[in-house]
Amino acid sequence: MTVPIPIEQILVQTVNGIVSGMILALVASGLTLIFGIMDVVNFAHGELVMLGAFVGATTLASTGSFWLAFVTAVLVLAVFGAALQASTLRPLLGRDPLTTILATFGISLVLQKYALWQWGPSARKIQEPITGQFHLFYLEYPWYRVATAIFAAAIIGALWLFLRRGKYGIWIRAATQDRIMASAMGIPVPLVHTMVFAIGSGMAAASGVLFGPLGGVTQTMGFDFTLRAFIVVVVGGMGNLGGSILASIFVSLLEAYASLVVSPAQAVIASFVALILTLLFRPTGLFVPTPK
Amino acid sequence: MLALENVHTYYGKSHILHDVSIEVGRGEVVGLLGRNGVGKSTTLKTIMGLVRPAEGRVVFEGKDLAGLAPHKVAHVGIAYVPEDRRIFRLLSVLDNLRTGLERPGLSAERRQALLEKVYTSFPVLRERRNQAGGTLSGGEQQMLAIARAMMLEPKIILLDEPTEGLMPRMVGQIREIIAILHREGVAILLVEQNVRLTLEVSSRVYIMEKGQVRHHAPAAALRGNRAVIHQYLGV
Amino acid sequence: MTRDAGYWIGFAVVLALLTAAPLVLPEFWRRFATEILIWGLLAMSSDILIGYTGMVSFGHSAFFGLGMYGAAAALLGVRPPSLWLAIVSGLVGAGVVAVFVAYFSTRLRDIYFSITTLVFSQIFYVVIFTWTEVTGGENGLSFRQPPFSIPGVVSTAFTPVTLHWFVLGVVALSYLVLRRVTQSPFGKVLQAIRENEARTRAIGYPIERYKIVAVMLSGLFAGLAGVLYAIQNKFAAPDFVFFAVSGEVVIFNVMGGMGTLVGPVAGAAFFLLLREGLSRFFTEYYLIPVGIIFTLMVMFVPQGLLGFLRRRLNP
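About the criteria used
- Residues numbered from 1 in each chain as written.
- Chains lettered and ligands numbered in written order.
- Predicted model: local features only at pLDDT ≥ 70, side-chain atom pairs only at ≥ 80, totals over all residues.
- Helix = DSSP H or I, 4+ residues; strand = E, 2+ residues; numbered from the N terminus.
- Rg over C-alpha atoms; globule rule 2.2 N^0.38 Å.
- Contact = placed C-beta atoms within 7 Å.
- Pairing = 2+ DSSP bridges.
- Axes fitted to C-alpha atoms, helices over the stretch in contact; angles between N-to-C directions.
- Nonpolar A, V, L, I, M, F, W, Y, C, P; charged D, E, K, R; others polar.
- Buried ≥ 20, exposed ≤ 12 C-beta atoms within 10 Å, placed from the backbone.
- Expected span 1.5 Å × (residues − 1).
- Bend = angle between axes of the 7 residues up to and from the residue.

J.: Before we move on, can you summarise the overall build of chain C with the specific residues and values?
T.: Helix and strand counts for chain C come out as 14 helices and four strands. Taken over the C-alpha trace, chain C has a radius of gyration of 19 Å; the compact-globule value for 315 residues is 20 Å, and the two agree within 12%. Summarising its shape, the C-alpha atoms of chain C cover approximately 55 × 45 × 45 Å along the three principal directions. Partitioning the intrachain contacts of chain C with sequence separation of at least 6 by distance along the chain shows that 75% fall at a separation of at least 24.

J.: Can you tell me about the arrangement of the chains, naming the residues and giving the values?
T.: When the two pairs of chains in contact are ranked by number of contacts, first place goes to chains A and C. At no point do chain B and chain C touch; the closest pair of C-alpha atoms across them sits 16 Å apart.

J.: Can you explain the sheet that holds strand E5 (residues 63-64) of chain B? Please cite residues and give values.
T.: Through backbone hydrogen bonds, the strands of a sheet pair up, either in parallel or in antiparallel fashion. Residues and elements named next belong to chain B. Across the sheet, which stays open at both edges, the four strands sit in the order E2-E1-E4-E5 with antiparallel pairing between neighbours. With partners counted over all chains shown, the strands left at the sheet margins are strand E2 (14-24) and E5, one partner each. Relative to E2, strand E1 (residues 2-11) is paired through seven bridges, and the arrangement is antiparallel. Considered in E2, the bridge of Leu4 is made with Ile22. Across the face of the sheet, helix H1 (residues 40-48) comes into contact with E1, E2 and strand E4 (53-60) while running at roughly 70 degrees to E2.

J.: Please provide a residue-by-residue account of the interface of chain A and chain B, values included.
T.: On the chain B side, the residues contacting the 17 residues of chain A number 21 residues. Secondary structure elements with two or more residues in the side of chain A that touches chain B: helix H6 (167-177) and helix H7 (179-184) of chain A. Per-element accounting of the side of chain A that touches chain B gives the leading share, six residues, to H6 of chain A. Its residues assigned to classes, the side of chain A that touches chain B comprises 11 nonpolar, three polar and three charged.

J.: Can you tell me about the environment of Val93 of chain B, naming the residues and giving the values?
T.: All names here are of chain B. Assignment of secondary structure puts Val93 in helix H3 (residues 93-101). Judged by C-beta crowding, with 29 C-beta atoms within 10 Å, Val93 ranks as buried. Considered as a pair, Val93 and Ala132 are 39 residues apart in the sequence and their alpha carbons are 6.1 Å apart. Once you skip the residues sitting within four places of it in the chain, Val93 turns out to touch Leu125, Arg128, Arg129, Gln131, Gly133 and Leu144.

J.: Explain the interface of chain C and chain A to me, using residue names and the numbers behind them.
T.: If you look at the interface, chain C gives 29 residues, while chain A gives 32 residues. Elements with a minimum of two residues in the side of chain C that touches chain A: helix H5 (110-130), helix H11 (243-256) and helix H13 (287-300) of chain C. Of all the elements, H5 of chain C adds the most residues to the side of chain C that touches chain A, at 12 residues. Of the residues contributing to the side of chain C that touches chain A, the split by class is 20 nonpolar, seven polar and two charged.

J.: Can you explain helix H2 (residues 27-53) of chain C? Please cite residues and give values.
T.: Think of an α-helix as 3.6 residues a turn; residues three or four steps apart then line up on the same face. Residues and elements named next belong to chain C. In a regular helix each residue adds 1.5 Å, so 27 residues correspond to 39 Å; H2 covers 39 Å between its end C-alpha atoms and thus fits that length. At Asp47, H2 is deflected by roughly 40 degrees, the largest bend along its length. Of all 27 residues in H2, 19 are buried; the element is thus mostly enclosed. After H2 finishes, the residue Gly54 shows a positive phi value of roughly 80 degrees.

J.: I'd like to hear about helix H3 (residues 60-77) of chain C, residue by residue, with values.
T.: When the terminal C-alpha atoms of H3 of chain C are compared, their 26 Å separation across 18 residues agrees well with the 26 Å that a helix rising 1.5 Å per residue should span. For H3 of chain C, a buried count of 16 out of 18 residues is recorded, marking the element as mostly surrounded by other parts of the structure.

J.: Explain the sheet that holds strand E7 (residues 156-160) of chain B residue by residue, including any values.
T.: Residues and elements named next belong to chain B. Ordered by their spatial adjacency, six strands build an open sheet running E6-E7-E8-E3-E9-E10, and the pairing between neighbours is mixed. Each edge of the open sheet carries a strand with a single partner, namely strand E6 (78-81) and strand E10 (212-218). On average, each strand axis in the sheet is tilted by 15 degrees relative to the strand beside it, whichever way the strands run. Here strand E3 (residues 29-33) pairs with strand E9 (residues 204-209) via four bridges, running parallel. In the strand pairing of E9, Val30 is matched with Arg204. Across the face of the sheet, helix H7 (residues 168-183) comes into contact with E3, E7 and strand E8 (187-192) while running at roughly 155 degrees to E8. Contacts from helix H10 (residues 226-233) reach E3, E9 and E10 within the one sheet, and its direction differs from that of E10 by about 155 degrees.

Listed below in structure tokens is the structure:
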């Protein structure tokens, strides 16, 4: 028995998919940058999102300002990420990739339980800074969601510009393409690595805070983000920034549409299937021009 | 100005360089000849800090470069143009050049001046400045690699086989570029298989075999010495 | 010859200790000892992939979980509940998963393989969690413990002590089998694949076939561990299919010493004891010190406890 799905539902889910996709894109771009430049698959990336959300929630609770909470979370996590990379990951440079994935796995465990210890088992709330809804087909759709998508897009746009123009952008792009030659050109590669990890952590924190009003802040939210971000990075092409952004939207749309047919808990399988199909047929990434 | 003293370098367990000692004076063009695989590239990599010597020293302007990371070696005044050019394929020509320009203490005017100078010497780079490095021809990539090194305003450039894979008429261009650099007082350590070019541009030449320096003479002396050339280079 | 003899003596001593354990330990520690054996088996199965073939699986919980649910299906579906049917059913369940993973193992390398195993186990988790009619969903399934039976000869219910001996027997046997495999030419090829896959392929070995067998072997023994767990605890729950279990298995392997078979068992014991001990002080935060220890070990003692001890004992 097929139930025809009204077009309005599909359109609403499209909007939802794009909103989640943009938040995921923030997470995935950080992960992709990190992988591209230092071959590190950061298993703890989702935990950085989670910590950002908690720092944001705490700051919001004490200051009442969403924007202050946002900025604080981003800065705190950027610094934390830099410290983490410099202390734990830098010594592992050059070892096989399995070692870094294991090490970041260990770190994710510690961070997850640390959050539990620091903030207790109960969830936190982040109230959206923009309340109010508008009429979208049959729904009252929150403005906040639309604002989030636009804001996330702005951050990614800023990242893009940063990479294309400035001095550090050149450093990062050169060191990503050829670490050795970049070093021979006087680019301080170890510093660039730390810088990129800091940027990735900051972006993860940003998405955590933005996601807060949508999904709540819990100590276990990290794993889901890590899993989805991994899927997106592979589907988009490892190390390919544009690809991971497109893939984030693609995968989120898939899940959004799937949840029209199955329960949201099961809709997540849509992204798993996307990953498996990509690995089977286009392993270099769905959005990579042509596999060389 | 630059000296390797009794350097031994290993790749893992392979003993590549045996007791290598080489000197390059300020503004000199010094050649390093030898067949494939004798360790010429490894010598350059050791200077650049890309490979650590197990024994011996690399001294530049009186300072021991021991353990310096490659980017610090670049700051000290040594630039490297590797064997396969290794230009940043996905960066534009301009961005490739900028990798050498984004360093502290370089004013915007100075940067522009350096760019202008290089565009004048290599007009094709100006033409292609917004094109991705990977789209350039072999010869153009070689020019870009050298121009990029010049952006560092180095005191010495380590040139690894610049004529490799280039068409014969481009060899003349390389000769000109070396002459320009020499005029500006930049020293060059030239690793090459092209014997004729090396003897033309260098003041002194080292010849390596199996990781050791076997012969060292002024280029003038070697120009007529067919026997030695034949012995070590089979030419 | 003396080294070999020493090894077997050591083995016999450990076996004797483990056999005597349930007779002298209080109830809680008796169960604990049995559980260490089961997790040890799971860790061993994972070592075949991580330690010997060089493929890190983050999805062993899928094999374990399906072994558990496979056994549950037999114990609930067939009356009277049969031990051997449960074992077979569990192995079949795990085997099916293993076939899928084996297929992917031949096409994906390194990180891609690891991520895929992770995703696979999550797929199974979601399916099991949400397919409430069949799997009991969140609450899982509970069933009766089957008796130990040899058809036509004997059928007696397990006591905690005899169950422990049964588990010990199965695990010890599995250990001997796996040890034989890793020391055989086949095992040597696996290790060659771990050292340098390209070179091993260039020499002429059909890598894909070896990987498939390795995955099947690993999956089946992991499933067996799941069956034992189901029998001991009389329930099957989706928690055991969740990633956390896979993560713990990896911890056992790294901490104990990859590529040694015994190491991961020791790693499992060490971890479980640490958890037991530390949770007295840290309650549920025991994973913070354990996680730190794990990360430090990955960085500085990658050969694990066993490798570390080995180096100390054989200078």
